[in-house]
Amino acid sequence: MRRQLPLLLVAITAFFVMAMKFFNFGEVGAAAIQEADIWIQVTYEFAFLLGAINFTRLHYGNVARKRPKWVYSVVALIAMVLTCIITLVDGVNGEIAVFLYENVANRIDSAIYALLGFYVCSAAYRSFKLKNLEAGILLVSAVLLMLAQAPIGDAIFPGISKVGEWILNVPNSAGMRGIRLGAGIGAYAASIRVILGLERSWTGSGS
Amino acid sequence: MTLTLLAEEAPKGILFFAPEMFWDFILIASLFVLVFWMIQRARAGLPIPQIRRIAGLEAIDEALGRATEMGKPIHFSPGMSTFGSEMYAGLAVLSYVAKMAAQYDTKMIVTTRRPQIHPVAAEIVKQAYLEAGRPDAYNPDDIRFVSEWQFSYTAAVMGIFQREQPAANLMIGYWMAEALVLAEAGAQAGCIQIGANTNIFQIHFFIVTCDYTLIGEELFAASAYLSKDPMLTGTVVAQDIVKMAVGILVVIGTILATVTGSAQGLIDFLSL
C-alpha cells in the first residue's frame, strides 16, 4: 500500500488536470486548476521544511565531527539562522531583509553566474581541438559564425555574414527543432509511463 | 451537483474542447492507445523492437567502475526542475545508479536543488541499499538538499567537486544556465562525466564538456534501456511511432511550402 498509494494519487491527479486542460469547463475548470496550484504550493512549503532539516543536520554533523573544511559549514549555518531570524523579525519586505537579499545574496549569485564567461572560453578551447570529424565541423562552423557576427568579418571576407546567417537559420534551426520535437514527444511518453504506474522507480521500488 | 455545474459551464458543440487543445488531445490519446497496444504485445510475449545502443547509458557502468577502482565517490544530480517528465527520468537513472553503487560499495553523493525532490531521492537511494542487502552502508548525509537558488546550488556543487573529488559526475535531468559551469567544474576536478539534458539552449555545453551526453529524448528512453523491461521499451516504441507521424507531417508541410509556396492550409488545419 505504501508504494501503491502514491501511484494512485499521481494517476488521479494527472487525469483530473488533463481533463481540466483539454476540455473547456469554463470558470469551474479555471477555479479547479487554481485550487490545485494552491495545493501544490502547500505541499512545496512542507517539503521546504524537510530540506531545511537536511541542510541543518548535514552541516551540524560536519561541525560536530570536525570534518575537513568544517568552517564552511559554520558559515552556512550562521547564514541560514541569521536570515531566518531577520526575515521573521523584520518581515519578508523589511528593510534589512531586502538589503541582505539585494546586496548579499543577489551579488553572490551574480558572481557565480559571471563564471560562465570564463568557462565558455575553457570549454571552447577543449572542444575546438581538432580531434575528429565532428570536432572539425564544430570548429569550422564556430570560426565562420564568429567572423560573421564580428563587423570585421565582412570586411575580410565579403558575404560571410550571409553564410553565418544560413548556418544559424538552416542547419542549426533544423537540428534544434528536431531535438525539441523528439524531447517533447518523449516527455509526453514519459509522463504516460508515470501516470500508468509503469515507471515506479521514483517510489523507490524500481521499475 | 458538480457535474451539473460542469455541464452548465461547458460551451456547446465542438467548442467543448478547450481552444487550441484539440491536437494536443489527439496526440496524447494516440500515445495512450499505442502504449496500451505495446503493453498487450509485451504481456503476450510478442516481440518488441529493441532500443538502439545509447553510449551515454552504457557508460554509466564504466563511470561506476572507475569510481570504485579509484576509491572515490560519484556525484549524481537529477537536474534543476521540479517534478515533471525530466525529473522522473532522472530519478529512474538514480535508482539504477544507486543500486550499482550499493553493490560496488561506492560512495554516492546526490545533490538536489528542489526540496520536494530531496525526500524522494533519499528514499530511492535507501531502498537501493536495502535491496543490495547493505542497509547499514546507506548514509543519509550523502543525499543533500543544497539550495533552491540556482547559482547557490551551483556554487555548492562546485565546492563538493573540489573538496570531495568525485571520480564520476552524472548530471541527468533538466539543466539551465548552470550546465556549463557545473560540467566545466567537474571536468577540472577530473571526473568522468555523463550529462543529459532536454534544454536545447544548453545541450551543446554538455556535448563539449561531458564525456557522454544524452541528447533530448534519449533521457526519456533511459529507464526502459537500463531496466530492459519490455513494457517500458514498448512505450518508447509508441513514442517513436508518434514521432514518425509528426515527422511525416513535417515532410508534407515542407513539400506543400516548396511546391505551392505556402503550407498555411496545413497550419490552419493543425491550429483547430
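Residues numbered from 1 in each chain as written. Chains lettered and ligands numbered in written order. Predicted model: local features only at pLDDT ≥ 70, side-chain atom pairs only at ≥ 80, totals over all residues.

Engineer: I'm lost on the overall build of chain B in this one. Help?
Structural biologist: For chain B, the count of helices and strands is eleven helices and six strands. Taken over the C-alpha atoms alone, chain B extends approximately 65 × 50 × 45 Å along its principal axes. Put simply, chain B has 272 residues, and 49% of those count as buried. When contacts within chain B are restricted to residue pairs at least 6 apart in sequence, those whose partners lie at least 24 apart make up 70%. (Helix = DSSP H or I, 4+ residues; strand = E, 2+ residues; numbered from the N terminus. Buried ≥ 20, exposed ≤ 12 C-beta atoms within 10 Å, placed from the backbone. Contact = placed C-beta atoms within 7 Å.)

Engineer: Help me understand the overall build of chain A in this model?
Structural biologist: Of regular secondary structure, chain A possesses seven helices and zero strands. Helices (α) and strands (β) of chain A occur, in sequence order from the N terminus, as α-α-α-α-α-α-α. In terms of overall dimensions, chain A is more spread out than a globule: its C-alpha atoms have a radius of gyration of 26 Å, far above the 17 Å expected for 207 residues. Reported as C-alpha extents along the three principal axes, the dimensions of chain A are approximately 65 × 50 × 40 Å. Out of the 207 residues belonging to chain A, those deemed buried represent 14%. Considering only contacts in chain A between residues 6 or more positions apart, those separated by 24 or more positions represent 20%. (Rg over C-alpha atoms; globule rule 2.2 N^0.38 Å.)

Engineer: Would you mind going over the packing of helix α9 (residues 218-227) of chain B against helix α10 (residues 230-260) of chain B with me for this structure?
Structural biologist: Packed helices, taken two at a time, are described by their axes: the angle between them and the distance between them. All names here are of chain B. Two elements in contact, α9 and α10, have axes separated by 8 Å at closest approach and are oriented at 145°. α9 and α10 meet at a crossing whose hand is left-handed. The segment α9 lies against α10, with Ala221, Ser223, Ala224 and Ser227 engaging Leu232, Thr233, Thr235 and Val236. Here the contact of α9 with α10 is composed, by residue class, of four nonpolar, four polar and no charged. (Axes fitted to C-alpha atoms, helices over the stretch in contact; angles between N-to-C directions. Left-handed = near helix turned anticlockwise from the far one by under 90°. Nonpolar A, V, L, I, M, F, W, Y, C, P; charged D, E, K, R; others polar.)

Engineer: What am I meant to see in the environment of Val93 of chain B here?
Structural biologist: Residues and elements named next belong to chain B. Tracing the backbone through its elements, the reader meets Val93 in helix α4 (residues 85-104). Spatially, the C-alpha atoms of Val93 and Leu57 are 9.0 Å apart, while their sequence positions differ by 36 residues. If we skip the residues at most four places from it in the chain, Val93 touches Ile172, Ala222 and Leu226.

Engineer: What should I look at first to understand the pairing of strand β5 (residues 192-197) of chain B in this one?
Structural biologist: Looking down a regular strand, the side chains alternate between one sheet face and the other. Residues and elements named next belong to chain B. Where burial is concerned, most of β5 is hidden: six out of the six residues are buried. Note: strand β4 (residues 168-172) against β5, five bridges, orientation parallel. Across the sheet, residue Ile172 finds its bridge partner in β5, namely Ala196. The β-α-β motif built from β4, the intervening helix α7 (residues 178-188) and the parallel element β5 has right-handed crossover chirality. (Pairing = 2+ DSSP bridges. Right-handed = clockwise from strand over helix to strand, strands pointing away.)

Engineer: Before we go on, may I ask you to explain the sheet that holds strand β6 (residues 212-215) of chain B in this structure?
Structural biologist: Two strands in a sheet stick together by hydrogen bonds in their backbones, pointing the same way (parallel) or opposite ways (antiparallel). Residue and element names in this part refer to chain B. One open sheet accounts for six strands, arranged β3-β2-β1-β4-β5-β6; its pairing is parallel. The outermost strands of the open sheet, each flanked by one partner alone, are β3 (143-145) and β6. The mean angle between the axes of side-by-side strands here comes to 15°, regardless of whether they run parallel or antiparallel. Strands β4 and β5 of the sheet are contacted by α7, whose axis makes an angle of about 165° with β5.

Engineer: What is the right way to read the domain arrangement of chain A from this model?
Structural biologist: It is common to report an interface's size as the accessible area lost on association of the parts. Residues and elements named next belong to chain A. The domain boundaries assigned to chain A delineate domain 1 (1-65) and domain 2 (130-207). Its C-alpha centre places domain 1 at a distance of 33 Å from the equivalent point of domain 2. Each partner contributes to the interface: domain 1 provides six residues, whereas domain 2 provides six residues. Per-class residue counts for the side of domain 1 that touches domain 2 are five nonpolar, no polar and one charged. (Domains from an automatic or database assignment.)

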